[in-house]
Amino acid sequence: MTGRTTVAATAPRIRAAVRDAVGTVEISNPGRHNALSVAMMTELAVVLQAMDEDPEVRVVVLRGAGEQAFVSGADISEFPGLRDDAARRAADDAATTLFTRLSALSVPVIARIHGYCLGAGMALALGADLRCADTRSVLAIPAARLGVGYPLEQTAALVQTVGPAAASDLLFTGRRVPAAEAHAMGLVDRLAEPGELGEAVDELAATIAANAPLSVRAAKASVQAVRRLGEGDEAAGGAALGRAIEAVARCRTSHDLQEGALAFLEKRSPRFAGR
């Protein structure tokens, strides 16, 4: 691991950097509470894939810029233009690519949530492995208030996260849920005071990054396989199961397995290399 910082994207609204094996991706559209335009969705998908392909990155933190929002949803100002068939297809393709890329990441993703987390922001958060929020956060899926059909993949993730009754409540009403309630229903994994969220997420990311990368990737692959098998999709579940079995097997012959055992015997911190 190194202490260098590298810029992974040049787009002004999607900012990325890597430091000490932690990749940070920041969504910046403060004038619209970090709402995602179609162009931003496209760029975010590219940046996330680059993060996953970077051998130095062991965990990704996804956050919103400023103090007001994680992501307040899709950029509604673009909606009138989406009546055009070509524009609508382009928007649908951008969203599908983004959430497919996010679900395919092999490294853990932490959503650092503050302020508004609405609509497409909730879809991003549900695509993360862990969701950490400050106590002032507000979460909602207002699709029914906008005439939007919430995508099936994100609905499945919501149901798996909070159960069918709570998912129905959120989708049918479109109501805004305060952070404490979101935590109680399992929509948020960890809560922190607003001034302490950054430190809490940094500590969590550092803990994950310090562990054996192959083991962490194998754990994520296994969790994904269990989720896919639970969805009843035999093809997707079988493919995910195959990837998990392969990832676990790779750990058995890894340098890191030897290093972990040696470090334990020598009573020192292990120096994992990801191989």
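Our subject in this report is the structure included herewith. (Residues numbered from 1 in each chain as written. Predicted model: local features only at pLDDT ≥ 70, side-chain atom pairs only at ≥ 80, totals over all residues. Heavy atoms only, no water.)

**Quick word on the sheet that holds strand β5 (residues 69-71)**
Applied cut-off: Criterion used throughout: strands pair if DSSP finds at least two bridges between them. For helices the rule is a DSSP run of H or I covering at least 4 residues; for strands it is a run of E covering at least 2, with both sets numbered from the N terminus onward. Note on contacts: a residue pair is in contact if any heavy atoms of the two residues lie within 4.5 Å. Axis angles are defined between N-to-C directions and span 0 to 180 degrees, where every axis is a line fitted to C-alpha atoms and, for a helix, only to the segment in contact.
Read from one edge to the other, the open sheet built from four strands follows the order β5-β7-β9-β10, with strand pairing classed as mixed. Edge positions in the open sheet fall to β5 and β10 (177-178), since each of these has one partner strand only. Bridging between strand β9 (residues 138-140) and β10 involves two bridges; their strand directions are antiparallel. In the sheet register, Val138 faces β10, and the bridge partner there is Pro178. Strands in contact with helix α3 (residues 120-127) are β5, β7 (116-118) and β9; relative to β7, the strand with the most contacts, it is inclined by about 90°.

**Section: the nonpolar core**
The nonpolar side chains of a soluble globular protein tend to be buried with one another. Our working rule: In this description, a nonpolar core means a group of buried Ala, Val, Leu, Ile, Met, Phe, Trp, Tyr and Cys residues linked to one another through side-chain atoms lying within 4.5 Å. Exposure classes here rest on a 1.4 Å probe applied to the protein chains alone. A residue is buried below 20% of its type maximum, exposed above 50%, and partly exposed in between.
With 52 residues, the main nonpolar core has Val25, Leu36, Leu44, Leu124 and Leu187 as its most contacted residues. In this structure, Leu187 is in contact with Met122, Leu126, Arg131, Leu139, Leu158, Thr161, Val162, Leu170 and Ala182, ignoring residues within four places of it in sequence. Core analysis: the next-biggest nonpolar cluster, separate from the first, contains 14 residues, Val61, Leu197, Val201 and Ala205 among them.

**Here we look at a negative patch on the surface**
What counts here: What goes into a patch is any residue over 30% in relative accessible area without a salt bridge, connected to like charges within 9 Å or, for nonpolar side chains (Val, Leu, Ile, Met, Phe, Trp, Tyr), within 5 Å. Per-residue accessibility takes into account occlusion by the displayed protein chains alone, with areas from the Shrake-Rupley method and a 1.4 Å probe. Every case where a carboxyl oxygen of Asp or Glu lies within 4 Å of a side-chain nitrogen of Lys or Arg is listed as a salt bridge. The charge count treats Lys and Arg as positive and Asp and Glu as negative. His and the chain ends do not count. Charged groups are reduced to one reference atom each: NZ for lysine, CZ for arginine, CG for aspartic acid, CD for glutamic acid.
Together, Glu193, Glu196, Glu199, Asp202 and Glu203 make up a negatively charged patch on the protein surface. Looking at where Asp202 falls in the secondary structure, it is placed in helix α8 (residues 197-210).

**Re the pairing of strand β4 (residues 59-64)**
Selection criterion: For the handedness criterion, the strands are oriented away from the viewer, and a crossover whose path from the first strand over the helix to the second runs clockwise is classed as right-handed.
Most of β4 is tucked away, with six of its six residues classed as buried. Alternating positions in β4 separate into two faces, Val59, Val61 and Arg63 on one and Val60, Leu62 and Gly64 on the other, with burial throughout. Relative to β4, strand β3 (residues 22-27) runs parallel, the two sharing six bridges. Looking at the pairing, Ile27 lines up with Gly64 of β4. Tracing the backbone out of β3, into helix α1 (residues 38-53) and back to the parallel element β4 gives a crossover that is right-handed. Where β4 meets strand β6 (residues 109-113), four bridges bridge the pair, whose relative direction is parallel. Paired with Val60 across the strands is Val109, a residue of β6.

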